[in-house]
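Residues per chain are reported as follows:
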Amino acid sequence: MSRIHLQGINKFYGDNHVLKDIDLLIEDGEFMTLLGPSGCGKTTILRVIAGLEKPQSGTIHMDERLIVNSGELFFEPPAKRRLNLVFQSYALWPHMTVFDNVGFGLTVNNTPKREIKLLVENALERMQIGAFANRYPSELSGGQQQRVAIARAIVSSPEVLLLDEPLSNLDARLRIDMRAELKRLHLEMGTTVIYVTHDQVEALTMSTRIAVFFEGRIEQADAPMMVYQNPSSLRVAHFIGNPRINLIEGDAMREGKTLTVRSPLGMFRFSESGFTPHMPESGAFGCVLGLRPEDIILRTASGENLTSARIYSIMPAGSETLIQLKMGEETLLSKLLGVRSFVQDQQVWLEFRPERINVFHKDSGLLCKMTDMD
Amino acid sequence: MRVSSETFDDKKALSYSRKRKWKNLILSSFSNPYNIIVFISVVFLAYLILAPLIEMAVTTFTLAQSDARRADGQAGDFTLYYWARLLTSGVSRNLLYVPLMNSLIIAVSTVIIAISLGSVIAWLIVRTDLPLKNFFSLAVIVPYMLPSWCKSMAWLAIFRNQRIGGASGFLSYLGISSPDWLSYGPVAIIVVLSLHYYAYAYLLVSAALRSVNSEIEEMGEILGANKPSILRRITFPLVLPAILSAVILTFSKAMGTFGVPSFLGLKVNYYTISTSLYSTVQRQKGTSFAISLILIAIASINIFINQKIIGSRKSYATIGGKGNRSNLLELGKWGPPIVAVLFLFLGFAVLLPLLILLYQSFMLKAGEFGLSNFTLHYWLGDAVPNISDGLPGVFKSSQFWMFVTNTLKLVFFTSFAATIFGQVLGYINSRGRHLRSGRMVEQLVFIPYLIPSIAFGAMYLSMFASAATVNLFGVTFTVVPSLYGTFLLLVLVSVVKHLPFASRAGTANMMQIGVELEEAGQIVGASFLQRFGRIVFPLSKNGFMSGFMLILISIMKELDLIVILMTPSQATLPYMAYTYSTSGFAQPASAVAIVMFVMVFFFYWIANRFFNADITGGLRG
């Protein structure tokens, strides 16, 4: 239960600048996910917070306590930071039983034996692996090993729990079970959680806030639905959402309080309410429209304000149906719930709701106009 | 891009203090266990590797007391006398150029024979349907387990003729007088060395052949190439890097080897560079050390070529790790003759030396191979003045038990120290791979590998023959103690010479212990010693033991390294076998060698059976 504040963190490996001026405030009790493609520095920032890496510049506060001050080469040892880390590889000690793995940290700081037994059993129970206390890690399945690793991290009730891609080695079904488990654990313990993943679904479903990383920088740090519905840049828009967002180029013109966009989707007029600080004051500029596949409405009959399109390909998946559409030269992807009966090359009409469209500035790639949030 | 810092009530600007920064820097450098062990290791390695090397080089430029008058100078003066004597004087020919030429001839011939032999055997075992394959694949590495100098003893037992006096060999007994060129000198040396070093080529080439994916060859077959053409145009180029590595390795070993040319060459005044070094070391250290430096230079150039030329090509020898070949070449009617030849070869390389030495140890009079000459005297007999100058049978001799004890003491102390140090160095190498310190340690440790054993012994003789002191603030410190004639010196030289192998074994061992296992301990507050004792060490136990056993076996057979440093009271079994043999006591020498074999095979068995050690692992160290 701690607030963590990172300011101006820079980390180099030789000439390789891995973390660039990271500023991030993680509030007490948050479930903060660091999301990004591999090699973006998200694991490094986790290791910096844990104390396993020393940044070349920047400070970190835990609550009011200064734990890193690179300027004075002050780095609090990891063990004194009152946090714990679950490694991607689990890093279970193969020569110790489950009980010894979980209890190791307690024996190191000379906790009385009886108390150790109590705490370890409690942690194992919480992760529902009490029956395996005397087994060795190699005798457990991947999912059980994962639970041991988490039990080991929570046994000493850390104030901050760091998780480095903990679910990446599990199969798809187990992953969903563990997501639910972790979310419950977070609410029950009230611990601040910092969670690293490259899986956007994990990030969206579990977090209270997501920080999206690209090339060592934080591109956006917001609540999951904000990131989904109003990605701060084209890169974030691209990365978040499966199936991918539709991006269509257009010409925009700002006149006073309104923005007019001409695009293959048709002409749209947007009022000032959704404008971001990145919106040009006035004049014409190139733009990119972002439209989530589920926000395209398909109709089988023509009507006012509808745009004609042709079905290029149909991909039914049971719970949803993906439909690829051709509109002149443009290709759009639409997602409909349930099983739909369309045929290839069928003519359909599309409805776009302006309030569901993001407008990005084409040159800077930054978001100029937000959607109306649900 | 600043994110959400506006929601944070700005901390008062952090004050900055240079004093605190330095305090933190010093504290963290001194409390970082990695820095401490790197520091200690670098000091140790500099003292035990660089200092002796420099000391030896300096000695070659410093006039010794005994040469002061001859060179017209004061003892301790700077002089070029030794180098001039070695390179440009009337004796240079006999001291350097002829031995160097001999060494080169021996090394090149050995390379040609050993590499062809090893590669052909490797190809037969990996690529053809040779019968009894499992037996052969183990049997062909046995010759390597016998030290090469034992094979020269066996060679003498067979081929010795009247030329050098004393008892003659088995052939003479049969009435066949073996010619001088066969009994002693280059031919004998080349044959014995080839029978020993073909194991390198066999191991390297067979590993490369196994790793070549058979699909690559099958592709050639699909395209219409016949078997010989596939062998020549696909298989051979793929294993060429392995063959070249074996060439370099064999060449440097053959260049620096001492035991074999000393057994088979010294008696007929056939000198190689290593025996020339050995015979000058007693008379004139400066000259001898200069020869050492030349030998080291040759070895270094060799390794350098290896790294530059082959280093880059080595990579594709391991293409496709899964190549599990099913379509072996059928030997057909060639099978039985090839098997027969292999058996003959193994008989000659393994069985014959062992049997002849064993047999010889039961012969009352050397050279008499008849059954009437049978005796247990050299094993169980009491001292009789007219047999071998009154040496008792080995099991009756208190001296013999001292040799056994010395040997065991030396191998245990040395392998224990070398393995521990090797693990520590391995820890540095594996954890500091990306750091300058880690690379520096790695390079320092590699140096003993460059230096042939005999030259390495000479180096330590130079360093530790007399004490060196430094006077600091009126107090005298002994910087280098005089260790000549002590057990400690033998341990030191063996430990340091085996460090390259020990550290590589340690690195491999530590690499398999993920850094995260340690970090997981670090996060919950385990100190460095707790992490080492409770996580790293328990996980590295097996590697530790197998490394320990392999070093132990290697030191047990060691002759070249310690022959210069040895004094009678420290003598080990190999040294005694050498001494007896050179004094003409063939039977006690054989008995001692047999005892050593038994011990070597016993430890191989333990290493293999209990510690899962790769018995070929010691080969490259």
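Calculation rules
Residues numbered from 1 in each chain as written. Chains lettered and ligands numbered in written order. Predicted model: local features only at pLDDT ≥ 70, side-chain atom pairs only at ≥ 80, totals over all residues. Heavy atoms only, no water. Helix = DSSP H or I, 4+ residues; strand = E, 2+ residues; numbered from the N terminus. Buried < 20%, exposed > 50% of the residue type's maximum accessible area, 1.4 Å probe, protein only. Contact = heavy atoms within 4.5 Å. Areas by Shrake-Rupley, 256 points an atom, 1.4 Å probe, with all protein chains shown as cover. Lys, Arg positive; Asp, Glu negative; His and termini not counted. Charge placed at Lys NZ, Arg CZ, Asp CG, Glu CD. Pairing = 2+ DSSP bridges. Axes fitted to C-alpha atoms, helices over the stretch in contact; angles between N-to-C directions. Domains from an automatic or database assignment. Buried area = accessible area lost by both parts, 1.4 Å probe. Salt bridge = Lys/Arg side-chain N within 4 Å of Asp/Glu carboxyl O. Polar contact = N/O pair within 3.5 Å; in protein donor to acceptor, adjacent residues only side chain to side chain. Nonpolar A, V, L, I, M, F, W, Y, C, P; charged D, E, K, R; others polar. Parallel < 35°, antiparallel > 145°, perpendicular 65-115°, else oblique. Left-handed = near helix turned anticlockwise from the far one by under 90°. Core = buried A, V, L, I, M, F, W, Y, C linked by side-chain atoms within 4.5 Å. Patch = residues over 30% accessible without salt bridge, like charges linked within 9 Å, V, L, I, M, F, W, Y side chains within 5 Å. Disulfide = S-S within 2.5 Å. Phe/Tyr/Trp six-rings, centres within 6.5 Å; stacked < 30°, edge-to-face > 60°.

Novice: If you had to explain the overall build of chain B to someone new, which residues and values would you point to?
Specialist: Helices and strands together make up the secondary structure of chain B, namely 26 helices and two strands. Relative to its full complement of 621 residues, chain B shows a buried share of 54%. Summarising the internal contacts of chain B: among those between residues at least 6 apart in sequence, 72% fall at separations of at least 24.

Novice: How would you explain the overall build of chain A if you had to name every residue and give the values?
Specialist: A tally of regular secondary structure across chain A gives eight helices and 22 strands. For chain A, the spread of C-alpha atoms along the three principal axes comes to 75 × 50 × 35 Å. In chain A, which comprises 374 residues, the proportion classed as buried is 56%. A separation of at least 24 residues holds for 64% of the contacts in chain A among residues at least 6 apart in sequence. Carbon and sulfur atoms make up 49% of the accessible area of chain A, which amounts to about 16,200 Å² in all. In chain A, 40 side chains carry a positive charge and 45 a negative one; their mean positions are 3 Å apart.

Novice: How would you explain the sheet that holds strand β9 (residues 192-197) of chain A if you had to name every residue and give the values?
Specialist: Residues and elements named next belong to chain A. Overall, mixed pairing links the six strands, which are arranged β7-β8-β9-β3-β10-β11 in an open sheet. Of all strands in the sheet, those bounded by a partner on one side alone are β7 (83-86) and β11 (217-222). The mean angle between the axes of side-by-side strands here comes to 15°, regardless of whether they run parallel or antiparallel. Looking at chain direction, strand β10 (residues 209-214) and β11 are connected through five bridges and run antiparallel. Across the sheet, the residue bridging to Ile 210 is Asp 222, located in β11. Of the strands in this sheet, β7 and β8 (160-164) touch helix α4 (residues 142-154), which is tilted by about 170° from β7.

Novice: Can you tell me about the domain arrangement of chain A, naming the residues and giving the values?
Specialist: Residue and element names in this part refer to chain A. Each domain of chain A was delimited in the assignment, giving domain 1 (4-231) and domain 2 (238-369). Together domain 1 and domain 2 conceal approximately 1,000 Å² of surface at their shared face, both sides included; 60% is due to carbon and sulfur atoms. Summed over the three residues of domain 1 that lose the most area to domain 2, namely Gln 200, Tyr 228 and Pro 231, the buried surface amounts to 55% of that side. For the pair domain 1 and domain 2, the interface holds zero salt bridges. Counting every contact that joins domain 1 to domain 2 gives five residue pairs in polar contact (both at pLDDT 80 or more). Secondary-structure elements contributing two or more residues to the side of domain 1 that touches domain 2 are α6 (200-206) and α7 (224-229). Take the side of domain 1 that touches domain 2: its biggest share by element is three residues, from α7. The residue makeup of the side of domain 1 that touches domain 2, split by class, is seven nonpolar, five polar and no charged.

Novice: For the interface of chain B and chain A, give the residues involved together with the corresponding values.
Specialist: Each partner contributes residues to the interface: chain B has 33 residues there, and chain A has 41 residues. For the pair chain B and chain A, the summed buried surface comes to about 3,300 Å²; carbon and sulfur atoms form 59% of the total. In this assembly, chain B and chain A are joined by two salt bridges. Among the salt bridges present, the one from B:Arg20 reaches A:Glu72, with a minimum N-O distance of 2.7 Å.

Novice: Can you tell me about the environment of B:Leu357, naming the residues and giving the values?
Specialist: As for its placement among the helices and strands, B:Leu357 is situated in helix α16 (residues 335-360). With residues near it in sequence (within four places) discarded, B:Leu357 still touches B:Cys150, B:Met153, B:Ala154, B:Ser590, B:Ala593, B:Ile594 and B:Phe597.

Novice: Which residues make up the packing of helix α2 (residues 33-59) of chain B against helix α20 (residues 453-464) of chain B, and what are the values?
Specialist: The description of two helices packed together rests on the angle between their axes and the distance between the axes. Residues and elements named next belong to chain B. Relative to each other, α2 and α20 sit at 80°, their axes nearing to 8 Å. Relative to α20, α2 is oriented roughly perpendicular. Residues Tyr 47, Leu 48, Ile 49, Ala 51, Pro 52, Leu 53, Glu 55, Met 56 and Thr 59 of α2 touch α20, and the partners they reach there are Ala 455, Ala 458, Met 459, Tyr 460, Ser 462, Met 463 and Phe 464. When grouped by side-chain class, the residues that make up the contact of α2 with α20 number 13 nonpolar, two polar and one charged.

Novice: Outline the packing of helix α2 (residues 98-108) of chain A against helix α24 (residues 528-556) of chain B, listing residues and values.
Specialist: One can describe the packing of α2(A) onto α24(B) by two numbers: an axis separation of 13 Å at closest approach and a directional angle of 150°. In this view, α2(A) runs roughly antiparallel relative to α24(B), as classed from their interaxial angle. For the element pair α2(A) and α24(B), the recorded crossing hand is right-handed. Two secondary-structure elements touch here, α2(A) through A:Phe104, A:Thr107 and A:Val108 and α24(B) through B:Gln530, B:Arg534 and B:Ile535. Per-class residue counts for the contact of α2(A) with α24(B) are three nonpolar, two polar and one charged.

Novice: Before we move on, can you summarise the pattern of salt bridges with the specific residues and values?
Specialist: Per the counting criterion, the structure on display carries 24 salt bridges over all chains. One salt bridge in this structure joins A:Glu165 and A:Lys42, with 3.6 Å as the shortest N-O distance. With A:Glu165 in the loop between β8 and α5 (172-189) and A:Lys42 in helix α1 (residues 42-50), this residue pair connects regions lying 123 residues apart in the sequence. Taking the relative accessible area as the measure of exposure, A:Lys42 reaches 4% and is therefore buried. When salt bridges that share partners are traced, they join A:Lys11, A:Arg47, A:Glu53 and B:Glu519 into one network.

Novice: Can you explain the sheet that holds strand β20 (residues 347-352) of chain A? Please cite residues and give values.
Specialist: Residue and element names in this part refer to chain A. The strand order β16-β20-β17-β18-β19 describes an open sheet built from five strands, whose pairing is antiparallel. The two strands at the open ends of the sheet, each matched to only one other strand, are β16 (296-299) and β19 (330-337). Direction aside, neighbouring strands of the sheet carry axes that sit 45° apart on average. Inspection of the sheet shows strand β18 (residues 320-327) paired to β19 by eight bridges, in the antiparallel sense. Following the sheet pairing, Gln 324 is matched in β19 by Leu 333.

Novice: So what's going on with the side chain of A:Asn101? Residues and values would help.
Specialist: Position of A:Asn101 relative to the elements: it lies in helix α2. If near-sequence neighbours (up to four positions away) are discounted, A:Asn101 is found in contact with A:Leu92, A:Trp93, A:Met96, A:Pro137, A:Val148 and A:Arg152.

Novice: Please provide a residue-by-residue account of the nonpolar core, values included.
Specialist: If you look at the biggest cluster of nonpolar residues, it comprises 225 residues, and the most contacted ones within it are A:Leu24 and B:Tyr460. In terms of residue count, the dominant contributor to this core is helix α10 (residues 186-211) of chain B (17 residues). In this structure, A:Leu106, A:Ile154, A:Leu167 and A:Met178 belong to the second largest nonpolar core, which totals 34 residues.

Novice: Give me unusual backbone geometry: which residues, what numbers.
Specialist: Residue and element names in this part refer to chain A. At the junction of Asn 242 and Pro 243, the peptide bond is cis and its omega measures out at 5° in the coordinates. Note that Pro 243 resides in the loop between α8 (234-239) and β12 (246-255). For Asn 305, which is not glycine, the phi torsion reads 65° and is therefore positive. Turning to its location among the elements, Asn 305 is positioned in the loop between β16 and β17 (307-316). In this structure, Asp 345 is a non-glycine residue whose phi angle is positive, near 70°. Here Asp 345 is to be found in the loop between β19 and β20. A residue is classified by how much of its surface remains accessible, and Asp 345, at 47% relative accessible area, is partly exposed.

Novice: Describe a nonpolar patch on the surface, naming the residues involved and giving the relevant values.
Specialist: All names here are of chain B. Together, Val 470, Leu 472, Phe 473, Val 475, Phe 477 and Val 479 line one region of the surface with nonpolar side chains, adding up to about 590 Å² of accessible area. Residue assignment for the nonpolar patch shows that the elements contributing at least two residues are β1 (468-472) and β2 (475-480). When residues of the nonpolar patch are assigned to their parent elements, the largest contribution, three residues, is made by β2. Within the element layout of this structure, Leu 472 appears in strand β1.

Novice: Run through the environment of A:His278, naming residues and quoting values.
Specialist: Locating A:His278 in the fold gives a position in the loop between β14 (266-271) and β15 (283-291). Excluding anything up to four places from it in sequence, A:His278 contacts A:Leu366, A:Leu367 and A:Cys368.

Novice: Explain α1(A) to me, using residue names and the numbers behind them.
Specialist: Residue and element names in this part refer to chain A. Summarising burial for α1: eight of the nine residues are buried, a large majority. Regarding α1, the residues found buried are Lys 42, Thr 44, Ile 45, Leu 46, Arg 47, Val 48, Ile 49 and Ala 50. Immediately beyond the C-terminal end of α1, within one or two residues, lies Gly 51, with a positive phi of roughly 95°.

Novice: Quick rundown of the state of the cysteines? Include the residues and the values.
Specialist: Per the stated rule, a full pass over the model turns up zero disulfides over all chains. For A:Cys368, which is in no disulfide, the shortest distance to another cysteine sulfur is to A:Cys287 and amounts to 7.9 Å.

Novice: Please provide a residue-by-residue account of the packing of aromatic side chains, values included.
Specialist: All names here are of chain B. For the coordinates displayed, the defined rule picks out 30 aromatic pairs over all chains. Ring centres of Tyr 81 and Tyr 82 lie 5.3 Å apart, and the angle between their planes is 70°; this geometry places the pair in the edge-to-face category. Grouping residues by exposure puts Tyr 81 and Tyr 82 together as buried. Relative to Phe 345, the ring of Tyr 198 has its centre 5.1 Å away and its plane inclined at 75°; by these criteria the two rings are edge-to-face. Placement of the pair is Tyr 198 in helix α10 and Phe 345 in helix α16, with a sequence separation of 147 residues. With a relative accessible area of 0%, Tyr 198 lands in the buried category. Residue Phe 345 is classed as buried on the basis of its relative accessible area of 14%.

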